[in-house]
Amino acid sequence: EFRSPEHAVKYRQKAFSLMAHNFGDMGDMLKGKKEFDADKFAKRAANVAALSHIPAEGFEPGTDKGETDALPKIWDNMDDFNKRLMDLQTDAAALAKVSAEKGDKRALGQAFKNVAQNCKGCHDTYKKD
Ligand code: ASC
């Protein structure tokens, strides 16, 4: 539990922000916007996998107000929302695994895409645009 709803909102936002930084850098490497570095890619994938376990705790009841892009319907569909977060964790773990094993670029790209689709699917449904 958190000291206030604001702390819960900040907690989850920070986790998403760290995830976006790590994931975005991986995307840049895959797209050739940055030089591909397999060690760095694997480190970033491990970060995303670890961070994917953080936000759920921040979606306590009563944290749908204030400076947040989270739509109130999250709290009316918490089972679906939690399932999506767990799918993100599963797919982020798979991405971390294939990255740590220095899988080929095609395998990395597919695992990356699976995670990106989780991000986007949830944003399209539960995030203000
Ligand atoms: C990112 C980021 C997201 C996702 C999403 C994937 O790098 O910040 O929110 O990927 O754009 O479609």
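The structure under discussion appears in the preceding block.
What you see is a predicted model; the values in this text were computed from it and never measured.

Caption draft 1: View of the side chain of Asp25. Here Asp25 is to be found in helix H1 (residues 5-31). Given a relative accessible area of 5%, Asp25 falls into the buried group. Separated by 2.6 Å, the side chains of Asp25 and Arg44 make a polar contact. Other than its neighbours up to four places away in sequence, Asp25 contacts Lys34, Lys40 and Arg44.

Caption draft 2: Structural detail: the site of the ligand. Surrounding the ligand, one finds Ala20, Phe23, Ala116, Cys119, Lys120 and His123. Relative to its unbound accessible area of 310 Å², the ligand is 58% covered by the protein chains. Among the secondary structure elements, those contributing two or more residues to the shell around the ligand are H1 and helix H4 (105-126). Broken down by element, the residue count for the shell around the ligand peaks at 4 residues, all from H4.

Caption draft 3: Fine view of the nonpolar core. Phe23, Met26, Phe41, Val48, Ile74, Phe81 and Leu95 are the most contacted members of the largest nonpolar core, which has 25 residues in total. Tallying contributions element by element places helix H3 (residues 78-100) first for this core, with 7 residues. Not counting residues up to four positions away in its chain, the partners in contact with Leu95 are Phe23, Met26, Phe41, Ala45, Leu108, Ala111, Phe112 and Val115.

Caption draft 4: Fine view of the side chain of Ser99. Among the structural elements, Ser99 can be located in helix H3. Looking at Ser99, its side chain comes within polar contact range of the main-chain oxygen of Leu95, at 2.5 Å. Not counting residues within four places of it along the chain, the set of residues in contact with Ser99 comprises Phe41, Ala42, Ala45 and Leu108.

Caption draft 5: Local environment of the pattern of salt bridges. Counted by the stated rule, this structure contains 10 salt bridges. Residue Lys102 is joined to Asp39 by a salt bridge in which the shortest nitrogen-to-oxygen separation is 2.8 Å. Residue Lys102 is found in the loop between H3 and H4, and its partner Asp39 is found in helix H2 (residues 38-51); the two are separated by 63 residues along the sequence. Across the pair Asp80 and Arg84 runs a salt bridge whose closest N-O atoms are separated by 3.0 Å. Taken together, the residues span about one helical turn, with Asp80 and Arg84 both in helix H3 at a distance of 4 residues. Judged by its relative accessible area of 31%, Asp80 is partly exposed. Using a relative accessible area of 27% as the deciding quantity, one classes Arg84 as partly exposed. When salt bridges with common partners are traced through the structure, they connect Asp25, Asp28, Lys34, Lys40 and Arg44 into a single cluster.

Calculation rules
- Residues numbered from 1 in each chain as written.
- Predicted model: local features only at pLDDT ≥ 70, side-chain atom pairs only at ≥ 80, totals over all residues.
- Heavy atoms only, no water.
- Helix = DSSP H or I, 4+ residues; strand = E, 2+ residues; numbered from the N terminus.
- Buried < 20%, exposed > 50% of the residue type's maximum accessible area, 1.4 Å probe, protein only.
- Polar contact = N/O pair within 3.5 Å; in protein donor to acceptor, adjacent residues only side chain to side chain.
- Contact = heavy atoms within 4.5 Å.
- Near = heavy atom within 4 Å.
- Areas by Shrake-Rupley, 256 points an atom, 1.4 Å probe, with all protein chains shown as cover.
- Core = buried A, V, L, I, M, F, W, Y, C linked by side-chain atoms within 4.5 Å.
- Salt bridge = Lys/Arg side-chain N within 4 Å of Asp/Glu carboxyl O.

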